[in-house]
Amino acid sequence: MSMRAHTLKVIVTHECTVRSSSAPVPNELLLAARKLVASGASDAAIAVPFASSGQAILKRVGDTSEVRGIMMAAVVTRDSGIALCEDLSFWARSAFTLGKPIDSGLETSSAGEAAWSVGLPVSPFAREGRVDARVSLASRPVAHASMENSEVFTAVIDHPESAHELLPQGVVRACAFVTIGAVSFLLAVLAARAALGEGGAT
């Protein structure tokens, strides 16, 4: 039996615009959408596990900043998921724009692979298909769509690349070394003063 799925549409900017037939959208899916736009090729796709047994399949629309996806309460096979990603007519359906559930045409599989990607480079921080856990995201509802069962909100996404450039590992280690040296020197001076004080008292 074909699986009914919730739809997700994200316009990836610094403050993402999100429309979904299920709210709130898990943070890991918004981060995956950002990854598709930042690092993915045209029409790149990614499968992301979420909650205890759910799976989402996200697809970048061409080489734009728009990502569309489906969210399911089960896992499907990698081959069937990739085949669905190649079906452009499926991703062009109005359900994504209207924030309504959709018939995915997919079936659950006990042998399904929860995480995979197509058109994405291997991340230096994680395995392919996984999102860097160090990226933080804060979301807040700002408006509700007029359509039933849909939600529109913005999400502010931090950029880990800039933080990584501002504090490279070498600088952090050097600061730690200098701090430890300064503390050791201060302790030595205090010990010497205490010893001199005891000598003067006798």
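Going by the structure above, here's the rest.
Residues numbered from 1 in each chain as written. Predicted model: local features only at pLDDT ≥ 70, side-chain atom pairs only at ≥ 80, totals over all residues. Heavy atoms only, no water.

Peer 1: Explanation requested: a nonpolar patch on the surface in the structure shown.
Peer 2: On the surface, a cluster of nonpolar side chains totalling about 380 Å² of accessible area is made up of V183, L186, L187 and L190. Within the fold, L187 resides in helix α6 (residues 169-201). Residue L187 is classed as exposed on the basis of its relative accessible area, which comes to 53%. (Patch = residues over 30% accessible without salt bridge, like charges linked within 9 Å, V, L, I, M, F, W, Y side chains within 5 Å. Areas by Shrake-Rupley, 256 points an atom, 1.4 Å probe, with all protein chains shown as cover. Salt bridge = Lys/Arg side-chain N within 4 Å of Asp/Glu carboxyl O. Helix = DSSP H or I, 4+ residues; strand = E, 2+ residues; numbered from the N terminus. Buried < 20%, exposed > 50% of the residue type's maximum accessible area, 1.4 Å probe, protein only.)

Peer 1: Explain helix α2 (residues 78-85) to me, please; I cannot follow it from the model alone.
Peer 2: One turn of the α-helix equals 3.6 residues, which is why residues spaced by three or four share an orientation. All of the buried residues in α2 are G81, I82, L84 and C85. For α2, the angular spread of the buried residues around the axis is 160 degrees, confining them to a single face. Tucked inside the fold, the buried residues of α2 contact β3 (45-50), β4 (54-60), β5 (66-72), α3 (88-91) and β7 (116-118). (Arc of directions from axis to C-beta. Contact = heavy atoms within 4.5 Å.)

Peer 1: Would you mind going over the pairing of β4 with me for this structure?
Peer 2: Side-chain positions along a regular strand alternate between the two faces of the sheet. Most of β4 is tucked away: seven of the seven residues are buried. The two faces of β4 match: G54, A56, L58 and R60 on one face and Q55, I57 and K59 on the other face are all buried. The sheet contact formed by β3 and β4 spans six bridges and is antiparallel. Within β4, the residue paired with I46 across the bridge is L58. Bridge count between β4 and β5: six bridges; the pairing is antiparallel. (Pairing = 2+ DSSP bridges.)

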